[in-house]
Each structure stands twice: as C-alpha cells, then as structure tokens.
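Here is how the chains run, residue by residue.
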Amino acid sequence: MSENNVVFVTGGSRGIGKQVALTYAEHGYNVVINYVSDKTDVEALKKEFDEKGVESLILKADVSNQQEIDEIVKKAIDKFGKIDVLVNNAGITKDNLLMRMKEEEFDRVIEINLKGTFLVTKAVTKYMMKQRNGSIINLSSVVGVSGNAGQCNYSASKAGIIGFTKSIAKELASRNIRANAVAPGFIETDMTNVLSDSIKESIYNQIPLKRMGTAREVAELIYFLGSEKSSYITGQVINVDGGMVM
Ligand code: NAP
C-alpha cells in the first residue's frame with residue numbers, strides 16, 4: 001500500500017472534477033474518482049493519472065445510490081487504506097422556470113447534487129473519523145447564494161449544500177475533520193457550453209472580471225482547502241467567481 005495521500009473526487013471524469021483530480025495528482029496524491037455515464041473512457045482517464053506518476057482507481061457509481069457509493073468507498077479503502085480529502089463535485093442541472101418545472105426535474109437535481117453529497121460524505125466520514133483527520137470540500141455555486149431565474153431546483157440544491165457543509169463542519173471538528181464549500185461562478189465546462197452566445201454575453205456583463213473562469217482556477221482553491229495550508233479554515237463558503245457575487 002502506497003504512503004501517498006489520497007483524494008476521492010465524485011464526478012471526476014470531466015470538467016471541474018477531472019481538473020481537481022489531476023491537480024491533486026500533480027501534488028502526489030493517489031486518486032479515486034467516480035463517474036456515471038457509459039460513454040466514459042476509463043482507460044484514457046487512467047493513462048492521464050499514470051502520466052502524473054500516481055495510482056488511480058476509477059469506478060462507476062451513481063452518487064444518489066447508497067449501495068453503489070458504499071461499495072466504491074469500500075473499494076477505495078481496500079486499495080489505499082485511507083481517504084485524506086473528499087471532494088463532492090458530481091452535479092447536474094435540469095433548468096426550467098418554476099411554472100414549467102416537472103416534479104422529476106426538481107427531484108433528480110436534489111437527489112444527485114444534495115442527497116449524493118450526503119451519501120458520499122457519510123460513507124467516507126466513517127473512515128475519516130477513525131483516522132481523526134480529513135478535509136471535505138463540497139461544490140456549491142454562486143446561484144446557491146444569490147438564486148437564479150430558471151434554476152430553482154439547482155439553486156435549492158446548492159443552498160442546501162451550504163447548510164449541510166456548515167452543519168458537518170460543527171459536528172466533525174472535534175475529530176480534526178474540516179468541511180468547506182466552494183461557490184464557483186460561470187466556469188468553462190460541458191455544463192456551461194450548452195449556453196447560447198447571447199446568454200454568455202449577458203453573463204459577462206454581470207462579472208467584474210468580464211470572463212468565465214477555468215476549471216483550473218476552481219481546482220487551485222479546492223487543492224488549497226484540502227491541504228494543510230488551510231488548516232484553520234472550516235465551515236466556510238468561498239466564492240471563485242470573478243467578483244460576480246460580493
Ligand atoms: P460537468 O462538466 O457537467 O461534469 C459533471 C460530472 O459529474 C461528470 O464527471 C459526471 O459524470 C458526474 N456526474 C453527473 N451525475 C452523476 C451521478 N449521478 N453520479 C456520479 N457522477 C455524476 O460539470 P462541471 O461544470 O464540471 O461541474 C462540477 C460541479 O461544479 C457541479 O457540482 C456543478 O454544479 C458545480 N458548478 C459548476 C459551475 C460551472 O459553471 N461549470 C458553476 C458552479 C458550480 P459522467 O462524465 O459520467 O457524466
């Protein structure tokens with residue numbers, strides 16, 4: 001069993017989650033990631049981590065399914081013996097105006113974004129409590145702080161993550177486990193690529209830095225929050241949004 005630190009990133013196959021996992025790998029962490037889509041090229045992903053000189057475990061599991069999550073967390077512990085940092089990143093959008101939003105659209109976003117964060121945190125914390133050490137970083141969003149027309153399901157899930165994070169930060173501090181949330185603004189990934197040019201233009205006008213952020217810019221903050229450099233920071237929500245919400 002290698003002595004490297006271990007990071008567990010949900011939804012690490014694309015976008016912010018993948019960049020987070022690669023950033024930790026650059027700092028010598030062994031990496032566990034999960035994904036849900038059959039389109040995921042596991043071999044190609046594994047190669048990217050091999051090239052960083054670290055070990056990786058890439059597993060399929062839906063974060064909203066307790067049994068699947070318990071199984072992959074156990075596999076991670078069997079392989080690496082510990083999890084030092086958990087990044088609850090997996091998330092989806094199903095946008096619609098309130099009057100058009102179907103119950104299934106509301107439920108699915110809450111199930112994956114909020115309940116998924118609960119299920120994975122519970123499964124991983126069991127081991128972090130025994131270690132008496134750990135850092136948990138949950139992906140919220142600026143819209144969880146400010147709200148956004150057309151995203152009442154997503155905003156509610158991301159606001160819920162803030163309350164969840166502050167509660168577990170209070171519960172777990174005595175075991176030397178920290179929990180923080182990051183609230184990205186508009187970041188260039190598949191999630192935002194679907195927006196039209198006119199919507200993007202109107203978004204730029206709300207961002208003091210006048211551009212979208214990159215996954216790398218979010219990953220650097222998440223790396224800091226997982227590292228000992230942030231050892232006195234817990235229960236916080238930190239925006240990485242070009243000044244969009246202040
Ligand atoms: P993305 O590019 O759409 O990637 C989403 C990731 O989540 C993929 O790895 C996907 O796996 C995984 N995933 C989706 N549903 C899952 C499920 N049920 N179980 C397990 N994994 C699942 O998203 P992103 O833009 O990188 O966003 C990452 C996080 O940041 C999300 O929580 C999002 O809400 C948050 N965020 C993003 C932005 C932004 O502007 N992009 C802004 C604020 C917050 P597959 O590849 O298998 O589908």
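Everything below is about the structure printed above this text.
Small disclaimer: the values here were computed from a predicted structure and weren't measured.

Caption draft 1: Here's a closer look at helix H4 (residues 103-131). An ideal rise of 1.5 Å per residue puts 42 Å on 29 residues; H4 measures up with 41 Å between its terminal C-alpha atoms. At Lys 115, H4 shows its largest kink, close to 40 degrees. Positive phi shows up at Arg 132, right after H4, with a value of about 55 degrees.

Caption draft 2: Fine view of the packing of aromatic side chains. This structure, assessed with the given rule, holds three aromatic pairs. The interplanar angle of 80 degrees and the centroid separation of 4.8 Å between the aromatic rings of Tyr 24 and Tyr 29 together place this pair among those described as edge-to-face. Using a relative accessible area of 6% as the deciding quantity, one classes Tyr 29 as buried. For the ring pair Tyr 24 and Tyr 223, a centre distance of 5.0 Å and an interplane angle of 65 degrees mean the geometry is edge-to-face. Taken together, the positions of Tyr 24 in helix H1 (residues 15-26) and Tyr 223 in helix H9 (residues 215-226) put the pair 199 residues apart, joining distant regions of the chain. The exposure class of Tyr 223 is buried, given its relative accessible area of 16%. Here a set of aromatic residues connected by ring pairs shows up, and it is made of Tyr 24, Tyr 29 and Tyr 223.

Caption draft 3: Structural context of the pairing of strand S4 (residues 85-88). Neither face of S4 is open: one carries Val 85 and Val 87, the other Leu 86 and Asn 88, and all of them are buried. Alignment of strand S1 (residues 6-9) against S4, held across three bridges, turns out to be parallel. Bridge pairing in S4 places Val 9 opposite Val 87. In the sheet, S4 pairs with strand S5 (residues 134-139) via four bridges, with the strands oriented parallel. Across the sheet, residue Val 85 finds its bridge partner in S5, namely Ser 135.

Criteria and cut-off values
Residues numbered from 1 in each chain as written. Predicted model: local features only at pLDDT ≥ 70, side-chain atom pairs only at ≥ 80, totals over all residues. Heavy atoms only, no water. Helix = DSSP H or I, 4+ residues; strand = E, 2+ residues; numbered from the N terminus. Expected span 1.5 Å × (residues − 1). Bend = angle between axes of the 7 residues up to and from the residue. Phe/Tyr/Trp six-rings, centres within 6.5 Å; stacked < 30°, edge-to-face > 60°. Buried < 20%, exposed > 50% of the residue type's maximum accessible area, 1.4 Å probe, protein only. Pairing = 2+ DSSP bridges.

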